[in-house]
Amino acid sequence: MSRPIAAQPQLPLHLIISEKLREQIASGEFLPGEQLPSEHQLMLHYHVSRITVRRAIANLVSQGLVVSHRGKGVFVKERRKMTRSLSNPLIFFDEDMAQQNASASIRSLSFEVLPASPTVATNLQLPPHQSEVYCQKKVILVDEIPVAIDITYILLELGQTFATELQSSLIYPTLDKNGVLIERVEALLECTHASHEISEHLETTLGAPLLVNRYVAYTTGNQPVICGETLSRADRLSYSVVLKKSSM
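Just so you know, these numbers come straight off a predicted model, no measurement behind them.

(A) The arrangement of the overall build of the protein chain in detail. Assigned secondary structure in the protein chain consists of nine helices and ten strands. Relative to the 2.2 N^0.38 estimate, which gives 18 Å for 248 residues, the radius of gyration of the protein chain is 23 Å and therefore markedly larger than a compact globule would have. Its C-alpha atoms give the protein chain principal-axis dimensions of roughly 75 × 45 × 35 Å. Across the 248 residues in the protein chain, those meeting the buried criterion constitute 40%. Looking at the protein chain as shown, the accessible area adds up to about 14100 Å², and 53% of this sits on carbon and sulfur atoms. Across the protein chain, 23 positive and 25 negative side-chain charges occur, with their mean positions spaced 9 Å apart.

Right, here's the structure in full:
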């Protein structure tokens, strides 16, 4: 027979229960798609009230670990984590995901002409008389699951020329198939936390950890054509690199 939980002074009961369930999910005791024990079963197992169990489940829902279906129960969410390669040779995101048996797509949030900030103007090497760029905000999805928010600044003439395609397709393949060949990408990786707006688009919690990939992409002649940042869910997307010692 199970015993009541001995409450730890620093943690309320609902957090102790949610942490125990989180550990069981992480260890594979409860697999993606599998149903968690019912409220009644958890009440009996932990000798707690219904409201305590509901608060524990709400903690798991807010962490994106489970989903609750009214009248059916609580189920463990699919948590497949993808890896984005930043090593040579340059592989576009959709190709990278395809190699992992996943599909990539976007949901465009906005596509508009904006004044270039000093940082964007420097990154894109804009001449003094050119002060505007196209800015696109989009959600990147893998197997229809949002994994990242991308904010891209595009040279004005490229944005005008490929506006329709860019609002439905990933930017690197779009440029490549139209003869704008990306030869080099400079990237800087940082970390941050999800704002309210980003957490809603990425279906994660406010303050969730995010990986930030700040980039500038160059075409032939060392000409920068786009720059921006990709903010990805740390639990959905990781980055890999291969380091080689120089032969010189």
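(B) Seen up close, helix α2 (residues 39-46). Among all positions in α2, only Leu42, Met43 and Tyr46 are buried. What you see down the axis of α2 is that its buried residues fit within an arc of 105°, all on one side. Each element contacted by the buried residues of α2 is listed here: α1 (13-27) and α3 (50-62). A positive backbone phi angle near 55° is found at His47, which sits one or two residues after α2.

(C) Highlighting the pattern of salt bridges. Under the defined criterion, the tally for this structure stands at ten salt bridges. Connected via shared salt-bridge partners are Glu39, Arg50 and Arg54.

(D) Region of the structure containing the side chain of Gln136. Here Gln136 lies in strand β5 (residues 132-142). Owing to a relative accessible area of 0%, Gln136 belongs among the buried residues under this scheme. Ignoring anything within four residues of it in the chain, the contact list for Gln136 reads Ile106, Ser108, Ser110, Phe111, Asp150, Ile151, Thr152, Leu166 and Gln167.

(E) The nonpolar core, seen in detail. Core analysis: the biggest nonpolar cluster contains 26 residues, and Ile154, Leu158, Tyr172, Leu175, Val225 and Ile226 have the highest contact counts within it. Those elements that place two or more of their residues in this core are β5, α6 (156-161), α7 (163-166), α8 (171-177), β8 (209-219) and β9 (223-233). The greatest single-element share of this core, amounting to four residues, is contributed by β8. The contacts of Ile154, once residues within four sequence positions are left out, are Phe111, Val133, Tyr134, Gly159, Leu166, Ile171, Val225 and Ile226. Counting residues in hydrophobic clusters, the runner-up holds 17 residues, among them Val48, Leu65, Val74 and Val76.

(F) Spotlight on α3. With 13 residues, α3 extends 18 Å between its outermost C-alpha atoms, agreeing within 8% with the 18 Å of an ideal straight helix rising 1.5 Å per residue. Here α3 has its buried residues at Thr52, Val53, Ala56, Ile57, Asn59 and Leu60. Buried residues of α3, seen end-on, are gathered within an arc of 150° and therefore sit on one face of the element. At the C-terminal side of α3, Gly64 shows a positive phi close to 75°.

(G) Expanded view of unusual backbone geometry. Of note, the phi angle at Asn101 is positive, near 60°, even though the residue is not glycine. Residue position: Asn101 is located in the loop between α4 (93-98) and β4 (104-115). Phi angles above zero are rare outside glycine, and Asp143 is one such case at about 55°. Position of Asp143 among the secondary structure elements: in the loop between β5 and β6 (145-154).

(H) Up close: the packing of aromatic side chains. Inspection of every chain in the model, using the stated rule, returns two aromatic pairs. Relative to Tyr172, the ring of Phe92 lies with its centre 5.7 Å away and its plane at 10°, an arrangement referred to as stacked. Highlighted residues: Phe92 in the loop between β3 (82-85) and α4 and Tyr172 in helix α8, separated in sequence by 80 residues. Assigned by exposure class, Phe92 and Tyr172 land together as buried. Taking the ring centre of Tyr218 as reference, the NZ or CZ of Arg184 above it sits at 3.9 Å.

Procedures and definitions
Residues numbered from 1 in each chain as written. Predicted model: local features only at pLDDT ≥ 70, side-chain atom pairs only at ≥ 80, totals over all residues. Heavy atoms only, no water. Helix = DSSP H or I, 4+ residues; strand = E, 2+ residues; numbered from the N terminus. Rg over C-alpha atoms; globule rule 2.2 N^0.38 Å. Buried < 20%, exposed > 50% of the residue type's maximum accessible area, 1.4 Å probe, protein only. Areas by Shrake-Rupley, 256 points an atom, 1.4 Å probe, with all protein chains shown as cover. Lys, Arg positive; Asp, Glu negative; His and termini not counted. Charge placed at Lys NZ, Arg CZ, Asp CG, Glu CD. Arc of directions from axis to C-beta. Contact = heavy atoms within 4.5 Å. Salt bridge = Lys/Arg side-chain N within 4 Å of Asp/Glu carboxyl O. Core = buried A, V, L, I, M, F, W, Y, C linked by side-chain atoms within 4.5 Å. Expected span 1.5 Å × (residues − 1). Phe/Tyr/Trp six-rings, centres within 6.5 Å; stacked < 30°, edge-to-face > 60°. Lys NZ or Arg CZ within 6 Å of the ring centre and 35° of its normal.

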